[in-house]
Amino acid sequence: MSADVVLPVPADESPDTEIDHIGPSSPPTHALAKAPVATPQHSVDAFVKVFLQELNTGQGVTLSRSTVNDQYLALARTVRQYLMTRWLETSRHYAESGSKAIGYLSAEYLLGRQLGNALLATDLGEVAEEAMRGCGLDLARLRAQEVEPGLGNGGLGRLAACFVDSLATMGIPCIGYGIRYEYGIFKQSFVDGRQVEQPDPWLALGNPWEFPHPEASVQVNFGGHTETYDDGGVQRTRWVPDWNVVGVPYNYMVPGYHNGKVNTLRLWSAKATNAFDLALFNSGDYPEAVRAQTFAENITKVLYPEDSTPQGRELRLQQQYFFVACSIRDFIERVLGPDFDLHQLPERIIFQLNDTHPVIAVPELMRILVDERHFEWDEAWQITKQCFAYTCHTLLPEALEVWPTELLGRLLPRHLEIIRRINADFLDEVRASFPGDEQRVRNMSIISDDPNSSVRMAFLATVAGTKVNGVAELHSQLLADKVLHDFDELWPEKFTNVTNGITPRRFICLANPWLSELISDTLGVGWVTDLERLAELEPYAQDPDFRRAFREVKQKAKVHASDILRARDGIELPPGHLVDIMIKRLHEYKRQTLKLLHVVSLYEQVLSGEITASQLQPRTVIFGAKAAPGYWMAKEIIHLINAVGSVINTDPRLEGRLKIAFPANYNVTLAERLIPAADLSEQISLAGLEASGTGNMKLALNGALTIGTDDGANVEIRRLVGDENFFLFGLSEPEVAALRDSGYRPRQYYESNPQLRAALDLISSGIFSNGNREAFAPIVSSLLNEDRFMVLADFQSYMEAQLRVREAFADEEEWTKKAILNVARCGFFSSDRAMGDYLREIWHASAI
Ligand code: 26V
């Protein structure tokens, strides 16, 4: 890899640093190390010195006049300096080794805050804390100033962030490629209980973690037509585009944990090209020139929500092509260099396609090889096939991307031609393997004709990828058996599973310092990079002292979460409550309504006198969820959760024993605060629909017990932690399929289950809507009439499982044992393990 990733070099002459407000430990006057790229020493004095220098020369302020934002920026730049040398060295080392790299192509990275992670990776937490104290500042306050980069929607984006963290920690050469959205996932607030979206201008206060490299910009073309020409007797095709933009790379550091390695995340930002502006400007149409510029820069303006509107779709395809075109060009021409022989490309790179979003990279590489580098088609295809692997992250049919050929052909005419040829060759292969089976040929065609001609991106990825993987065992099996069944029959060896994982650095060390300390005191520190070592905690489940310590950890986390919720949302977490957490995107298949029906039913049972309030296990149910702005039903469900919350939270008949807390704007930072406080983890999707889930892993690793269906990675969690430490309920995937086939009639459940009927009737009664009986009718009627996700079918089983939870929680010692065993048995869910699986099974690469 070229050493183009590092820019600033700490000054070797220290400027005048100011020394007011520093307290007892004034910075010494000795200068920084004289080497041009030096790592400052790990001493408090040295740290303070660099910090003040950054404040003075970076922000242009003195400490006494600085704002919290100035202080945060200076601190971030200080920590950054400690990573610089390592970044340079890592890049140089990778480049010199000539080894195979991973190009992780992802339209989303949900990174979370950077400062804490950088301090953790460099082991500078205590130094920074003391240094800030010495300056009269509070590290926690400065950390809170950071706006997290919310460049993702949910699990898929967070997974990408966990994966690049693990690869850096394992010393694997990887560049994460993606999009530098100017606005990330919207900010959510509630007005009268309804979701309101505001833009997320995360860059507004400055971003100390990025390094723009305009000199490494890449031109990206769009539109126009193709033409053939004669090249000394060889017929070739060229693309004659009619507009273009420039992609500017912004590099981000991805620090490995305590290993001196820093990998690169390279996010692309779109800018108008000069030529583009000039042509219009010269035509005398200035407003049009400005409009054109805005148009170009719109490409990376905003992150798309999961279910974008048709108007947004064209822009989304532009985003996809934009970032993969930049990334492939960058890797081939800047990382490998212009003289590299592309016959050897598969020895140097494997591009992992994070879902179908980057799949247009496949025809782009073919175009480069065939049209620009004049490879024979077959040879180009042999190379291309080895350079890609595809991860599928869903089973929902509506989430499998297709692009109308009309749109694709208009935006990327040459790519559509290439896709057609790939498809034609592929269908010949299908015909050869299954002679006479034209129905199969139609079913497998990358280009479908029903109802309109469109390109099925998952099929293209499957045809091109060396491997296709799902993200948990059940998901991978359903992919091979159902969604991509025909492909599995043709190429069974292509299909594999890699169960997701999460990084223990962010989701245990950073999020839960109390648990981390207990584990490290018990086992030593090795578990952070070898999470299976948590198994050594298992015997401690029998140790009453350890159990007490474990409960104290949970208690501290609850107090901390409670402080955060009070300050952030004015929410009180009553002490002594079971903390029951459901945090994930709002989607009908995830069934937040089922959780809500449980709460409403308990309320109804108290109102009707079936139980007394004193029989309730004191419990606070915490929801965290954003709904896609265009997903009407999801937004109605948010409204209902808030409406139920505002009634039950203030009804004295419940004696404060049942509460709903729904903090707005759930994001990675809030997840880090809530997860350690959880007693119960809600993983209640309809079986067969949650590809994996990763919140389930984070919660279990922080000592929450799961109530869940046999879905996604819950299956593996339950197998590992044991039936007795997991609250299973609900239909299994085959049962769901059978019920669907036999004709599911939700109303029957309503009619035959008095508790369910009473809960739904209570919602319809208007009690949660000031007497308005119509307010939530669409939700109730969708449950009664369609219930696509079988909430009513699973209600009874869920209620029974919740009774088992209640009973188990009443026995504090037994509950603690179960919680400890969850932690001890979930080491498998480290993203380090997941990366190991990818490296062995898919990438055939290793640490260097
Ligand atoms: C996409 C769409 C698009 C259109 C309509 C609604 C809809 C709903 C869901 C999606 C899912 C996008 C892909 C995704 O985020 N999948 C998640 O990936 C996680 C990481 O593998 C995994 O843990 C989650 O189970 C899976 O939902």
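Values in this document were obtained by computation on a predicted structure and should not be read as measured data.

*Asks:* Can you help me understand the domain arrangement of the protein in this one?
*Replies:* Interfaces are often sized by the amount of accessible area the parts lose when they come together. Under the domain assignment used here, the protein contains domain 1 (11-97 + 121-145), domain 2 (155-500 + 836-843) and domain 3 (564-824). One C-alpha centre belongs to domain 1, the other to domain 2, and the line joining them spans 38 Å. With 16 residues of domain 1 at the contact, the number on the domain 2 side is 21 residues. Counting the surface lost from both domain 1 and domain 2, the interface buries some 1,700 Å², and carbon and sulfur atoms represent 68% of this. Per-residue buried area on domain 1 facing domain 2 is highest for Trp 87, Tyr 94 and Ala 121; these three make up 41% of the total on that side. Counting across the domain 1 and domain 2 interface gives nine residue pairs in polar contact (both at pLDDT 80 or more). Element by element, the count of residues in the side of domain 1 that touches domain 2 is highest for helix H2 (residues 68-97), at 13 residues.

*Asks:* Where do I start with the side chain of Asn 665 in this structure?
*Replies:* Relative to the elements of secondary structure, Asn 665 occurs in the loop between strand E22 (658-661) and helix H24 (668-674). A distance of 2.9 Å separates the side chain of Asn 665 from the side chain of Lys 626, its partner in a polar contact. Those residues in contact with Asn 665 that sit more than four places away from it in its chain are Phe 186, Lys 187, Gln 188, Arg 568 and Lys 626.

*Asks:* What's the story with the site of the ligand in this structure? I'm lost.
*Replies:* With respect to spatial proximity, 18 residues lie near the ligand, and among them His 393, Asn 500, Glu 690, Ser 692 and Gly 693 are the closest. Classifying every residue of the shell around the ligand gives seven nonpolar, seven polar and four charged. Each of domain 2 (155-500 + 836-843) and domain 3 (564-824) contributes no fewer than three residues to the shell around the ligand.

*Asks:* Looking at this model, I keep getting lost on the confidence of the model for the protein. Mind explaining?
*Replies:* A low pLDDT score tells you not to read the predicted coordinates there in detail. Here the protein averages 93 in pLDDT, and 94% of its residues register 70 or above. Of all the helices and strands in the protein, helix H7 (residues 274-282) carries the lowest mean pLDDT, 63, while strand E23 (residues 680-683) carries the highest, 99.

*Asks:* Can you walk me through empty space enclosed by the protein in this structure?
*Replies:* Under the definition given, this model contains 10 cavities of 30 Å³ or more. Approximately 150 Å³ is the volume found for the largest cavity. What lines the largest cavity is a set of 14 residues, among which Leu 111, Gln 114, Asn 117, Ala 161 and Asp 165 lie closest to the centre. Broken down by secondary-structure element, the contributors of at least two residues to the lining of the largest cavity are helix H6 (155-169), strand E11 (243-255) and helix H19 (504-510). When residues in the lining of the largest cavity are grouped by element, the largest group, four residues, is from H6. Here the lining of the largest cavity is composed, by residue class, of seven nonpolar, three polar and four charged. Considering only enclosed or pocket space, the second largest cavity measures out at about 120 Å³ in volume. In terms of lining, the second largest cavity is formed by 14 residues, of which the most central are Tyr 72, Glu 146, Val 147, Trp 202 and Gly 206.

*Asks:* Explain the packing of helix H9 (residues 310-335) against helix H11 (residues 361-372) to me, please; I cannot follow it from the model alone.
*Replies:* For any two helices packed against each other, the geometry is given by the interaxial angle and the distance between the axes. Taken N-terminus to C-terminus, the directions of H9 and H11 make an angle of 50 degrees; their axes are 9 Å apart at the nearest point. By the angle between their axes, H9 is oblique relative to H11. The handedness of the crossing between H9 and H11 comes out as right-handed. Residues Tyr 321, Val 324, Ala 325, Ile 328, Arg 329 and Ile 332 of H9 form the contact with H11, whose own contacting residues are Ala 361, Glu 364, Leu 365, Arg 367, Ile 368 and Glu 372. Class assignment of the residues belonging to the contact of H9 with H11 gives a composition of eight nonpolar, no polar and four charged.

*Asks:* Would you explain the sheet that holds E23 in this entry?
*Replies:* Within a beta sheet, neighbouring strands are joined by backbone hydrogen bonds and run either parallel or antiparallel to one another. Spatially, E22-E21-E20-E23-E24-E25 is the arrangement adopted by the six strands of the open sheet, whose pairing is parallel. In this open sheet, the two edge strands, each paired with only one partner strand, are E22 and strand E25 (727-728). One ladder, built from two bridges, connects strand E20 (residues 578-583) with E23; its direction is parallel. In the strand pairing of E23, Ile 581 is matched with Ser 681. Packed onto the sheet, helix H23 (residues 632-648) meets strand E21 (619-624) and E22 and runs at close to 140 degrees relative to E22.

*Asks:* Help me understand the pairing of E20 in this model?
*Replies:* Regular strands place side chains that alternate from one sheet face to the opposite one. A large share of E20 lies buried, amounting to six of its six residues. Neither face of E20 is open: one carries Leu 578, Asp 580 and Met 582, the other Val 579, Ile 581 and Ile 583, and all of them are buried. Pairing between E20 and E21: six bridges, direction parallel. Across the sheet, the residue bridging to Ile 583 is Gly 624, located in E21. Running through helix H22 (residues 592-607), the crossover from E20 to the neighbouring parallel element E21 is right-handed.

*Asks:* Any chance you could explain the sheet that holds strand E15 (residues 402-404) here in plain terms?
*Replies:* The sheet built from three strands is open, its strands ordered E15-E17-E16 with antiparallel pairing. Each end of this open sheet is capped by a strand with a single partner; those strands are E15 and strand E16 (447-448).

*Asks:* Would you take a moment to explain unusual backbone geometry for this structure?
*Replies:* Peptide bonds are trans in most cases, and residues, glycine excluded, mostly fall at negative phi. Not every positive phi belongs to a glycine, and Asp 123 is a case in point at roughly 60 degrees. With respect to the element layout, Asp 123 can be found in the loop between helix H3 (115-122) and helix H4 (125-134). Positive phi, normally seen in glycine, also occurs at His 258, with a value near 50 degrees. If you trace the backbone, His 258 turns up in the loop between E11 and strand E12 (262-272). Taking the relative accessible area as the measure of exposure, His 258 reaches 41% and is therefore partly exposed.

*Asks:* How should I be thinking about the pairing of E12 in this particular structure?
*Replies:* Counting buried positions over the 11 residues of E12 gives 10, a clear majority of the element. Strand direction decides the pairing type here: strand E4 (residues 174-179) and E12, joined by five bridges, are parallel. Bridge pairing in E12 links Gly 176 to Leu 265. Pairing of E11 with E12, which is carried by 11 bridges, proceeds in the antiparallel orientation.

Parameters at a glance
- The numbering scheme is per chain: residues are counted from 1 as the chain's sequence reads.
- Only residues with pLDDT of at least 70 are given local features in this predicted model, and only at 80 or more are side-chain atom pairs given and counted; all residues enter the totals for whole chains, interfaces and linings.
- Excluding hydrogens and water, the side-chain values take into account all heavy atoms of the structure.
- As used throughout, domain bounds are those supplied by an automatic or database domain assignment.
- Contacts are assigned to residue pairs with any non-hydrogen atoms lying within 4.5 Å of each other.
- Note: buried area is the sum, over both parts, of the accessible area (probe 1.4 Å) each one loses when the two are combined.
- N or O atoms closer than or at 3.5 Å make up a polar contact, with two conditions inside protein: a donor-capable atom paired with an acceptor-capable one, and, for residues adjacent in sequence, both atoms drawn from side chains.
- Runs of E in the DSSP output that reach at least two residues are strands. Runs of H or I that reach at least four are helices, and both are numbered from the N terminus.
- For this description, a residue counts as near a given molecule or strand if any of its non-hydrogen atoms is within 4 Å of it.
- When residue character is reported, Ala, Val, Leu, Ile, Met, Phe, Trp, Tyr, Cys and Pro are called nonpolar, Asp, Glu, Lys and Arg charged, and the others, Gly included, polar.
- Per-residue confidence from the predictor is reported as pLDDT, which spans 0 to 100.
- Definitions used throughout: a 1 Å grid over protein atoms alone; a cavity as a set of points that fits a 1.4 Å probe which cannot get out; a pocket as an open set with protein on both sides within 12 Å along at least five of seven lines; a lining residue as one with an atom within 4 Å of a point.
- Grid points are joined across faces, edges and corners, and a volume is the space filled by probe spheres set on the points.
- Every angle, taken between N-to-C directions, lies between 0 and 180 degrees, and every axis is a line fitted to C-alpha atoms, over only the stretch in contact when it is a helix.
- Any angle between 65 and 115 degrees counts as roughly perpendicular, while under 35 counts as roughly parallel, over 145 as roughly antiparallel, and the rest as oblique.
- Throughout, a crossing is termed right-handed when the near helix is turned clockwise from the far one, and left-handed when it is turned anticlockwise from it by less than a right angle.
- Only when DSSP finds a minimum of two bridges between them are two strands counted as paired.
- Summary of the burial criterion: residues with accessible area below 20% of their type's maximum are buried, those above 50% are exposed, and those between are partly exposed, where the area comes from a 1.4 Å probe applied to protein chains only.
- Consider the strands pointing away from the viewer: the crossover is right-handed when the path from the first strand over the helix to the second runs clockwise.

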